[in-house]
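What follows is the residue order along each chain.
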Amino acid sequence: MATMESLIGLVNRIQRACTALGDYGGGNNALSSLWEALPSVAVVGGQSSGKSSVLESIVGRDFLPRGSGIVTRRPLVLQLHKTEHGTYEYAEFLHLTNKRFTNFSLVRKEIQDETDRITGKNKQISPVPIHLSIFSPNVVDLTLIDLPGLTKVAVEGQPETIAEDIESMVRSYVAKPNCLILAISPANQDIATSDAIKLAKEVDPTGGRTFGVLTKLDLMDKGTNALDVIEGRSYRMQYPWAGIVNRSQADINKNVDMMVARRKEREYFETSPDYGHLANKMGSEYLAKMLSKLLESVIRARIPNIITLINRSIEELERELDQLGRPIAIDAGAKLYNILGMCRAFEKIFKEHLDGGRPGGARIYGIFDYQLPGAIGKLPFDRHLSLESVKRIVSQSDGYQPHLIAPEMGYRRLIEGSLYLFRGPAEASVNAVHSVLKELVRKSIAETEELKRFPSLQTELAAAANSSLEKFREESMKSVLMLVDMEASYLTVDFFRKLHEMDTQGSQNTSLSSPTTVEQNGERQFRTIASNVAGYIKMVADTLANTIPKAVVHCQVRQAKLALLNYFYTQMSQRQGKHLGQLLDENPALMERRLQCAKRLELYKNARDEIDAAVWLG
Ligand SMILES: Nc1nc2c(ncn2[C@@H]2O[C@H](COP(=O)(O)OP(=O)(O)OP(=O)(O)O)[C@@H](O)[C@H]2O)c(=O)[nH]1
């Protein structure tokens with residue numbers, strides 16, 4: 001297991017990486033938070049409780065902004081790194097990498113300026129932390145988060161809600177189960193009125209992660225002391241209270257050196273008649289060492305949980321990124337490559353629908369097997385070939401000269417008129433297949449996972465596919481109507497020759513058996529004509545029921561499989577990168593989400609590597 005220094009340093013590094021990605025304690029990000037899983041120490045206290053003085057004392061440097069009103073308006077994540085004895089002290093800000101501050105009054109100014117950069121000059125507060133690292137031989141490895149002082153009243157220019165805003169920000173940090181609370185209360189005030197203790201009690205009722213710090217012991221009325229609190233009689237906590245004596249305002253005004261102040265504090269406790277027996281457990285130096293040890297042991301205990309959280313989050317993020325789709329490259333070639341890849345995926349699905357790998361294609365067979373024969377069967381040949389109609393058509397065809405042997409012209413007219421009726425079912429088959437193909441295009445687009453992210457590409461692809469289908473329909477329509485017209489152009493001679501032979505034999509037999517009137521003869525002849533034409537039409541119907549599907553499949557289905565997107569591909573290859581980009585314009589919210597997920601994933605992976613390395617090295 002890693003050493004104390006490396007564990008706190010490890011958490012420091014991960015915390016900095018979290019902040020750089022917008023994952024910080026007070027944030028309310030929809031993504032899971034790594035920051036929240038990392039143990040930290042938050043410093044809370046009422047205004048003028050001595051919070052800044054405690055932090056400066058722990059650091060051994062004057063570096064925090066001072067002034068009236070609410071000075072701390074953004075959380076300050078203070079990361080202390082112990083360096084070798086004799087090395088020089090310096091500070092670094094996360095927002096100003098590579099700039100080392102050796103003059104600590106400039107650190108103070110930078111904290112002020114950086115606070116104003118985010119909150120503006122009107123004294124607003126912001127949950128976005130400032131990260132400050134201090135490297136010094138006079139510190140212990142420790143990370144503390146300084147939060148705005150709990151206040152009761154707004155000063156001029158501040159919103160009325162400032163007190164509530166501060167409390168809710170502080171609460172958002174200290175409510176997290178991994179946050180240790182350093183609750184600062186001044187000894188010269190009744191502990192029952194301490195804002196820090198009040199809040200700590202609310203978020204940590206068992207006191208399992210709260211440390212009571214009592215400042216201003218030197219300012220208590222003569223003859224009184226804080227032993228009841230420090231020894232846990234008036235307010236009991238799981239950890240012992242720490243008493244502190246910071247620099248007074250007069251010391252600050254006189255610029256009393258922090259190292260001198262530390263020494264004076266030590267002397268105060270060593271010589272104090274009240275606290276002498278506790279001297280080795282009092283003072284800011286002791287507090288810092290104790291916190292450092294505790295933070296290290298808490299981190300050590302939490303590491304297995306943190307690793308579990310990281311691994312789970314990596315899995316979740318990878319899954320989400322897969323669902324969202326990986327980002328598209330920006331150059332035109334890559335865009336075209338991606339578009340073509342998605343089109344091919346769509347075409348594959350479309351073909352699967354036609355070839356039976358997916359449902360839908362069978363509906364085309366249904367049209368040929370059921371719909372077309374059904375429609376042909378319902379054609380009104382009976383009416384067209386009724387005795388009346390046959391008489392009329394044959395007579396009209398004869399004109400002034402009645403036919404001599406067989407009404408050739410009448411036959412032709414009757415057949416042509418019947419054949420004309422086939423155009424309806426032929427056209428209907430073409431249209432029905434067109435509808436099925438269109439529906440399959442719609443379905444296939446919806447089923448192409450890769451296309452889901454790109455609504456514009458979907459629309460263009462659908463338009464291109466439908467316009468191709470429209471062309472195929474026109475071709476198919478021409479072909480099937482040609483098939484019908486071809487039947488009318490040249491009649492099957494054999495059929496009539498056979499009929500004639502049968503007819504001649506039949507009439508020889510009947511003329512011998514029964515004598516008939518002229519009218520009877522005429523009527524019989526028309527009936528024979530009707531039945532002959534019906535026979536011929538039946539034969540043609542059987543042929544067309546077979547040839548119409550062939551033409552439709554050839555012109556529409558086969559073409560849809562072979563050349564549905566040919567025109568689209570030609571168009572795409574001529575497009576400029578900008579236009580291709582328009583096809584890949586994803587939903588901006590989705591793009592933003594992907595970016596956030598990718599950044600968070602990188603954070604988690606780096607954190608996992610760092611923890612692995614620390615655990616193995618330790
Ligand atoms: N004598 C004495 N004065 C102290 C002690 N602690 C703090 N002070 C003084 O109390 C005043 C407020 O202390 P700060 O450390 O600024 O308190 P704070 O809680 O950070 O205050 P805000 O930043 O205004 O919220 C200063 O004048 C300090 O000098 C102490 O232990 N003894």
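Just above sits the structure.
In this text the structure is predicted, and so the values were computed from the model without any measurement. (Residues numbered from 1 in each chain as written. Predicted model: local features only at pLDDT ≥ 70, side-chain atom pairs only at ≥ 80, totals over all residues. Heavy atoms only, no water.)

A. Summary view of the overall build of the chain. Along its length, the chain carries 21 helices and 8 strands. Counting all 618 residues of the chain, 47% fall into the buried class. The contacts of the chain with a sequence gap of at least 6 include a subset with a gap of at least 24, amounting to 81%. In the form shown here, the chain has an accessible surface area of approximately 31,300 Å², with 53% of it arising from carbon and sulfur atoms. (Helix = DSSP H or I, 4+ residues; strand = E, 2+ residues; numbered from the N terminus. Buried < 20%, exposed > 50% of the residue type's maximum accessible area, 1.4 Å probe, protein only. Contact = heavy atoms within 4.5 Å. Areas by Shrake-Rupley, 256 points an atom, 1.4 Å probe, with all protein chains shown as cover.)

B. Inspection of the site of the ligand at higher detail. Inspection of the region around the ligand gives 19 residues, with S52, S53, D218, N246 and Q249 positioned closest. Backbone polar atom of S48 to an oxygen atom of the ligand: 3.0 Å apart, as the coordinates give it. Computed on the free molecule, the ligand has an accessible area of 640 Å², of which 89% lies beneath the protein chains in the complex. Listing elements by their share of the shell around the ligand, those giving two or more residues are helix 2 (51–59) and helix 7 (249–253). Per-element accounting of the shell around the ligand gives the leading share, 3 residues, to helix 2. Its residues placed into classes, the shell around the ligand shows 4 nonpolar, 10 polar and 5 charged. (Near = heavy atom within 4 Å. Polar contact = N/O pair within 3.5 Å; in protein donor to acceptor, adjacent residues only side chain to side chain. Nonpolar A, V, L, I, M, F, W, Y, C, P; charged D, E, K, R; others polar.)

C. Expanded view of the pattern of salt bridges. A complete count under the given rule lists 34 salt bridges for this structure. The residue R73 makes a salt bridge to D116 at a minimum N-O spacing of 2.8 Å. Taken together, the positions of R73 in the loop between helix 2 and strand 2 (76–82) and D116 in helix 3 (residues 104–119) put the pair 43 residues apart, joining distant regions of the chain. The exposure classification of R73 matches that of D116, with both residues buried. Measuring nitrogen to oxygen at the nearest pair gives 2.7 Å for the salt bridge that ties R473 to E470. Placement of both R473 and E470 in helix 16 (residues 455–489) is noted, with a separation of 3 residues, approximately one turn of the helix. (Salt bridge = Lys/Arg side-chain N within 4 Å of Asp/Glu carboxyl O.)

D. Representation of the packing of aromatic side chains. What the rule picks out here adds up to 10 aromatic pairs. Between Y88 and Y90, the aromatic rings sit 5.5 Å apart at their centres with planes inclined by 35 degrees, giving tilted as the arrangement. Taking the relative accessible area as the measure of exposure, Y88 reaches 47% and is therefore partly exposed. Ring plane angle 15 degrees and centroid distance 4.7 Å describe the contact between Y90 and F135, whose orientation is recorded as stacked. Of this pair, Y90 sits in strand 3 (residues 90–93) while F135 sits in strand 4 (residues 130–136), and the two are 45 residues apart along the sequence. When sorted by exposure, Y90 lands in the same class as F135, which is buried. (Phe/Tyr/Trp six-rings, centres within 6.5 Å; stacked < 30°, edge-to-face > 60°.)

E. Quick peek at the packing of helix 11 (residues 362–377) against helix 15 (residues 423–447). The N-to-C vectors of helix 11 and helix 15 enclose an angle of 160 degrees; their axes lie 10 Å apart at closest approach. The pairing of helix 11 with helix 15 is recorded here as roughly antiparallel in orientation. At the point where helix 11 passes helix 15, the crossing takes the right-handed sense. In this structure, helix 11 contributes R363, I364, I367, F368, Q371, L372, A375 and I376 to the contact, and helix 15 contributes P425, S429, A432, V433, V436, L437 and E439. Tallied by class, the residues present in the contact of helix 11 with helix 15 amount to 11 nonpolar, 2 polar and 2 charged. (Axes fitted to C-alpha atoms, helices over the stretch in contact; angles between N-to-C directions. Parallel < 35°, antiparallel > 145°, perpendicular 65-115°, else oblique. Left-handed = near helix turned anticlockwise from the far one by under 90°.)

F. Representation of the packing of helix 2 against helix 9 (residues 284–324). At their nearest, the axes of helix 2 and helix 9 sit 9 Å apart, and the two run at 80 degrees to each other. Comparing their axes, helix 9 and helix 2 come out roughly perpendicular. In contact with V54, S57 and I58 of helix 2, helix 9 contributes S284, L287 and A288. Among the residues making up the contact of helix 2 with helix 9, the classes are represented as 4 nonpolar, 2 polar and no charged.

G. Spotlight on the environment of V11. Along the chain, V11 falls in helix 1 (residues 4–20). Linking V11 and T143, residues 132 residues apart in sequence, is a C-alpha distance of 8.8 Å. Not counting the four nearest positions on each side in its chain, V11 is found in contact with L38, P39 and I299.

H. Representation of the nonpolar core within the structure. Formed by 103 residues in total, the largest nonpolar core has its most connected members in L34, F63, L132, L217 and L287. A total of 16 residues in this core trace back to one element, the largest contributor, which is helix 9. If you count residues domain by domain, this core takes at least three from each of domain 1 (54–163) and domain 2 (178–282). Those residues within four positions of L132 in sequence are excluded, and the remaining contacts are F63, L76, V77, L78, Q79, A91, E92, F93, V107 and I111. (Core = buried A, V, L, I, M, F, W, Y, C linked by side-chain atoms within 4.5 Å. Domains from an automatic or database assignment.)

I. Quick look at unusual backbone geometry. We note that S48 has phi near 65 degrees; this positive angle belongs to a residue other than glycine. Judged by its relative accessible area of 62%, S48 falls in the exposed class. Its identity is not glycine, yet K216 carries a phi of approximately 60 degrees, on the positive side. Relative to the assigned elements, K216 resides in the loop between strand 7 (210–215) and helix 6 (227–230). The exposure class assigned to K216 is partly exposed, which follows from its relative accessible area of 24%.

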